[in-house]
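# Fold and geometry: a report
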Amino acid sequence: MAECLEQSFEPLTELAQDIEFASVRRWKQGAPHRKAVAFFPVYAPMEIIHAAGMLPVGIAGAGDRLDLQHADSRFGSFICSIVKTTFELGITGKLEPFDALLFSTICDSARNLCFVMKRNFPGQHFEFLHLPHSTSESSIEFLAAEYRRLMGELQRIAGVEITAGALRNSIAMFNRQRELAGEIYTLRAEAPHLLRATESYALLRAGLRMPVEEHIAILEEMLPKIRARGGKKRDAIRVVIEGSFCEQPPLPLIRVLEAAGCDVVDDDFTLAQRWFSEPLPLEPDPVQTLAERYVRCATYSSVRHFPAAARCRGLEQRIRRSRADAVIFLIAKFCEPAYFDYVLFKKAVDQLGLPSLQLEFEEKLFTFDRLQTEIETFVESLIFD
Amino acid sequence: MSVQATEYRGSIHQQQKELMLQWYAALDRAAGNAAEQPVVSMMVSGNCVELLEGFGAVPLYPEVNALQLAIRHQSLDPILLAEELGYAADNCAYVKADIGAYLKGITPAGGRLPKPTLVLCNFVGCNTYLKWFEHTADLTGAPLYVLDVPFLRSEEPGEADIAYVVRQLKEVVARLESLTGRKFDYDRFQQATAYSAESEGLWSGIKHLAQRSPSPFDAYFDAITLMGPLYVYRARSEGVQFFRDALRELEQKPVSAEDEKFRLVVEGPPPYPYFRAFRDMFARWKACAVASTYSTVGGLWEFGFRHDPEKPFESVARHMLAQNVTNRNYLQRYEQIGHYLRAWDADGLIIHFVKSCRLFSAGQGDMREYFSRMGVPTLYIESDLEDPRYFSEAQTRNRLDAFFESLEHMKRTGARRMPLAAPQPSPLRVL
């Protein structure tokens, strides 16, 4: 059974990294008039897209699977890889299955990317969502209006009305997905030897490429099997990964981390599925609920405003919950939000008395010798301390 | 070719210097008497200095402090200190210089800088602002309010956007009333918007002088000199007087046809650590910037917007939402540049990519492609606005020289002045 379980991660890994979006194309071919909406990291109200009968798809660059032919000259130096690979995906026609692409206020580069793509790909619809950087009461009302504006655009594209009932159903569906994602992270914190970080990554990332109903079914089927898995605890350092919320580290790098003696007990690879830790209420007004919970209850994140103390409290809670021994700041090259937060987080982690290591990656990285040496040295310094 | 100093220095430059020294003196006094003089730190882009007038508060602009350090060749040490503290080589160097200077106790004019009464992050397009002010508030212990201005997603801001910003402006008023113990002076706020409207009209008049050929005003280098008073004083009578004098002086400034060989539009901030050297690279070719996007960071007044004393809150909100280059979307910047090229009758476009500022720079290669395909001679150069390590003087001069030589050749052969083609989508997509 263990072998069977291990084999089931392989197609999910492939699905999560597929830059042809074959699963999206297949889904669209399954019935006439089906529409898909891609969203750029980090968060999108997937419930609204789902309630319009559309498939929400989380895109995350192209890893090392795409050579840049055009994007370098459009974006120049000092711009992160995910911005360039996303543009390249567009210019090579790989984003063709998407009827709309959704961006939000996460950083300056991603915002400009939205509009550069809008010019270059006039056949597709681009939507820019202003997710508030405020906890003021007025931001709830604003965000509800912003979501209603988005609903208007999606209704026009989908040709269907988004009813309150449909939205409640979608919220319930994504509540369940978030609950299961939470269980996966709880399991990893309790028994990291039962589920490797790369497996967990595939399990959750694949969920951004398929209908939420299918993903829930997969998680419900696999979770009991994972819990029943054999194996014994490793003598490893428990680490939390912080800083990989947008551009994704190459999977071999995560394997290097684990092979070097780290148990990744928490990470921020798929924040979209962990944006809320509690289920969202379905009543009274679902749009208001989505807005209110975004402002009041969402996870801390480097791509939205938090006062420094609150931001650091968020990381400290993750460290305590997962009983981590150390923090690895795994930051995508040129990711300014992560660079800035690193300064605050490093201070907070130092004050907790925890060791930390900063590593920089690019999604297209394919040699890991230097990083491996750094990680091994870090782990050895902790083991023999 | 010898360097020719075409830089204009009239009495407005002296006035500008005095005004800015007065501002630093006011900040120094405030540092010594925090209870009497409220100080609000803000960002330059789409700033709401009018609102501060309702409290008699002095604005504190970290960006202005940072650029002053760079111009005075004092930015590198603070940047290095910030990097020692963990800031990355690729973080905005404005932020690093500001934070490093705060910790080192370096100030641009040598006086003291006060702890702000309120750190007011006017989030107008630039996400770095959020981080910068989160860190500033953390360092100084000053209270923080983030004024979340929705990014301009369509041609005009929606009603929900305006209502949202107005509500937040009123929250800022309540917050400042509580922090200062002062009652908000609505009449003074209204008067401030009236002064701003006048200053903005005069500033717009100055910008339009550059439509003359030859232009008496360089809308990049000279504009930067005038931008300090624009941000600090536009909502006060001193600002109105300053811009009235400036317009009069520039209108009467004698210029001859030989003083101007090329007319340019410049996109992006300047390399402040090498400001003079950069300016000389243009001066030696008698190249005048007739328009620039950087000079519209604070506001886009040359296109007609004015603050409205009849609707002060709403007009401040509209200014923050739609009437500054940073909160407008990237394609609107293409339109802005295209308009300059036509209405200001420019020969070409210089795009200056600065590594610190992704708001300006991310996508400028696409911008170059867009304008080149329209037949606009376009030069793309890279450096930084604050960090002297990213400026290669010889390379930048070589590229500018080559660009001007090619413009000169086009002029000689009559190949210049291709009519601006209508904007077209990129043909590159491979489907």
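Computed from a predicted model, the values in this text were never measured in an experiment.

## Points about the nonpolar core
Residues and elements named next belong to chain B. With 264 residues, the main nonpolar core has Leu264 and Val265 as its most contacted residues. Counting only domains with at least three residues in this core, you end up with domain 1 (11-185) and domain 2 (189-413). Beyond its immediate chain neighbours, meaning those up to four positions away, valine 265 contacts Val290, Ala291, Ser292, Ile337, Tyr340, Leu341, Trp344, Ala346 and Leu349.

## A word on helix 8 (residues 164-190) of chain A
Residues and elements named next belong to chain A. Along its 27 residues, helix 8 runs 38 Å from first to last C-alpha, staying within 8% of the 39 Å computed at 1.5 Å per residue. Here helix 8 has its buried residues at Leu167, Ser170, Ile171, Phe174, Leu180, Ala181, Ile184, Tyr185 and Arg188. On the buried face of helix 8, the contacting elements are helix 3 (46-51), helix 9 (197-205), helix 10 (212-227), strand 6 (262-266) and helix 12 (286-297).

## Structural notes on the domain arrangement of chain B
By convention, interface size is frequently given as the accessible area that disappears when the constituent parts associate. Residue and element names in this part refer to chain B. According to the domain assignment, chain B consists of domain 1 (11-185) and domain 2 (189-413). Taking only C-alpha atoms into account, the centre of domain 1 sits 22 Å from that of domain 2. The interface is formed by 49 residues belonging to domain 1 together with 47 residues belonging to domain 2. In terms of residue count, the dominant contributor to the side of domain 1 that touches domain 2 is helix 1 (residues 11-32) (eight residues).

## Topic: unusual backbone geometry
Cis rather than trans, the peptide bond between Pro41(A) and Val42(A) has omega equal to 20 degrees. Mapped onto the secondary structure, Val42(A) falls in the loop between strand 1 (36-39) and helix 3. Omega for the peptide link from Ser213(B) to Pro214(B) comes to 0 degrees, which places this bond in the cis form. With respect to the element layout, Pro214(B) can be found in the loop between helix 8 (186-209) and helix 9 (221-233). Even without glycine at this site, His33(A) takes up a positive phi of about 65 degrees. In this fold, His33(A) is placed in the loop between helix 2 (22-29) and strand 1.

## Side note on the packing of helix 7 (residues 159-180) of chain B against helix 12 (residues 312-322) of chain B
Residue and element names in this part refer to chain B. Their axes nearest at 9 Å, the elements helix 7 and helix 12 cross at an angle of 115 degrees. As summarised for this structure, helix 7 and helix 12 are arranged roughly perpendicular, according to the angle between their axes. As for the relative orientation of helix 7 and helix 12, their crossing is right-handed in sense. Listed contacts from helix 12 to Asp161, Ile162, Val165, Val166 and Leu169 of helix 7 are Phe313, Glu314, Val316, Ala317, Arg318, Met320 and Leu321. By residue class, the composition of the contact of helix 7 with helix 12 is nine nonpolar, no polar and three charged.

## Quick word on the interface of chain A and chain B
Opposite the 49 residues of chain A that make contact, chain B presents 48 residues. Contributing elements (two or more residues each) for the side of chain A that touches chain B: helix 4 (71-75), helix 5 (81-91), helix 6 (108-120), helix 7 (137-158) and helix 14 (336-352) of chain A. With 10 residues, helix 6 of chain A is the single largest residue contributor to the side of chain A that touches chain B. Residue classes in the side of chain A that touches chain B are distributed as 24 nonpolar, 17 polar and eight charged.

Quick notes on the rules
Residues numbered from 1 in each chain as written. Chains lettered and ligands numbered in written order. Predicted model: local features only at pLDDT ≥ 70, side-chain atom pairs only at ≥ 80, totals over all residues. Core = buried A, V, L, I, M, F, W, Y, C linked by C-beta atoms within 7 Å. Buried ≥ 20, exposed ≤ 12 C-beta atoms within 10 Å, placed from the backbone. Domains from an automatic or database assignment. Contact = placed C-beta atoms within 7 Å. Helix = DSSP H or I, 4+ residues; strand = E, 2+ residues; numbered from the N terminus. Expected span 1.5 Å × (residues − 1). Axes fitted to C-alpha atoms, helices over the stretch in contact; angles between N-to-C directions. Parallel < 35°, antiparallel > 145°, perpendicular 65-115°, else oblique. Left-handed = near helix turned anticlockwise from the far one by under 90°. Nonpolar A, V, L, I, M, F, W, Y, C, P; charged D, E, K, R; others polar.

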